[in-house]
Amino acid sequence: MMRISRRSGTPSIGVYSRVSESYAFIASDLDGGFADEVALALGVECVRTSVAGSFVVGSLMAANSNGAVVSGLAEQTELDRIGKVLNVATLEDRFNAAGNNILVNDFGAIVNPELSDTEIKLISDALGVECVRGTIAEIPTVGAVCLATNKGAAVHPGATSEDLALIKDVLKVDAIRTTLNHGVRTVSACALANSKGALVGDLTTPIEMGKLEDALDLF
């Protein structure tokens, strides 16, 4: 059953976690109840980890069903932990906050246009999809301003019609403009989602939840 629910006490849940269709990578310092809520809402197995010694896992990691890309500052123990369930690669570029600089689902990826050809090939190989350079709402950190699944995408309200067309062309899903957490435009920081459901920060309004449900086709 598709579902969307609200997480109390943790508005910026997307900063601390990264999810795919089957797994959720959750900051090690979050309480056990959070992992239970994520597992129930998204139908995933939870893996507790840090990335580069930091708990901002969502900002430092991008993932889909094929693999994961993490900051080049990640420690070997972290790579081993993630590598038990997904192929993992490190992004050594100065834009190594992979979650902010890569917008990906199982069909394609849009990446910060300033990433090098070498890094884009690494991302493409690790995630098993074609990578296309682009911005959204003139913002290069595309992973921060859009939340995409295999069914739809919620995007920064400043996204242009050309941005929506790019998402449709590369990720093969339609996108709807919205905010979350009562007006926050960096929507990926405010929610976790896959094709099975979504979990939103507790400041998200009912109207925003409705927009997210439409955007991600959660019916």
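The coordinates are above.
Residues numbered from 1 in each chain as written. Predicted model: local features only at pLDDT ≥ 70, side-chain atom pairs only at ≥ 80, totals over all residues. Heavy atoms only, no water.

1. Some details on helix H6 (residues 117-127)
- Within H6, the full set of buried residues consists of Glu 119, Ile 120, Ile 123, Ala 126 and Leu 127. Each buried residue of H6 lies within a common arc of 130° when the element is viewed along its axis, so the set occupies one face. Turned more than 90 degrees from where H6 packs its buried face, Asp 117, Thr 118 and Lys 121 sit exposed.
- Backbone geometry just after H6 places Gly 128 at a positive phi near 70°. (Buried < 20%, exposed > 50% of the residue type's maximum accessible area, 1.4 Å probe, protein only. Helix = DSSP H or I, 4+ residues; strand = E, 2+ residues; numbered from the N terminus. Arc of directions from axis to C-beta.)

2. Remarks on the sheet that holds strand S2 (residues 17-19)
- Judged by pairing direction, the sheet is mixed, and its three strands sit side by side in the order S2-S3-S4 without closing on themselves. At either end of the open sheet lies a strand with only one pairing partner, and these are S2 and strand S4 (45-49). Each neighbouring strand pair of the sheet contributes to a mean axis angle of 15°, computed without reference to strand direction.
- Against the sheet, helix H2 (residues 32-42) engages S2, strand S3 (23-27) and S4, with an angle of about 145° to S4. (Pairing = 2+ DSSP bridges. Axes fitted to C-alpha atoms, helices over the stretch in contact; angles between N-to-C directions. Contact = heavy atoms within 4.5 Å.)

3. Examining the pattern of salt bridges
- The final tally for this structure, using the stated rule, is five salt bridges.
- Where Arg 94 meets Glu 114, a salt bridge forms, and the shortest distance between an N and an O atom there is 3.6 Å. With Arg 94 in the loop between strand S7 (87-91) and helix H5 (98-101) and Glu 114 in the loop between strand S9 (109-111) and H6, this residue pair connects regions lying 20 residues apart in the sequence.
- Residue classification places Arg 94 among the exposed positions, given a relative accessible area of 67%.
- Residue classification places Glu 114 among the partly exposed positions, given a relative accessible area of 47%.
- Close ionic contact of Asp 117 with Arg 133 constitutes a salt bridge, the shortest N to O distance being 2.7 Å. Pair noted here: Asp 117 is in helix H6 and Arg 133 is in strand S10 (residues 131-133), with a separation of 16 residues, a long-range link. (Salt bridge = Lys/Arg side-chain N within 4 Å of Asp/Glu carboxyl O.)

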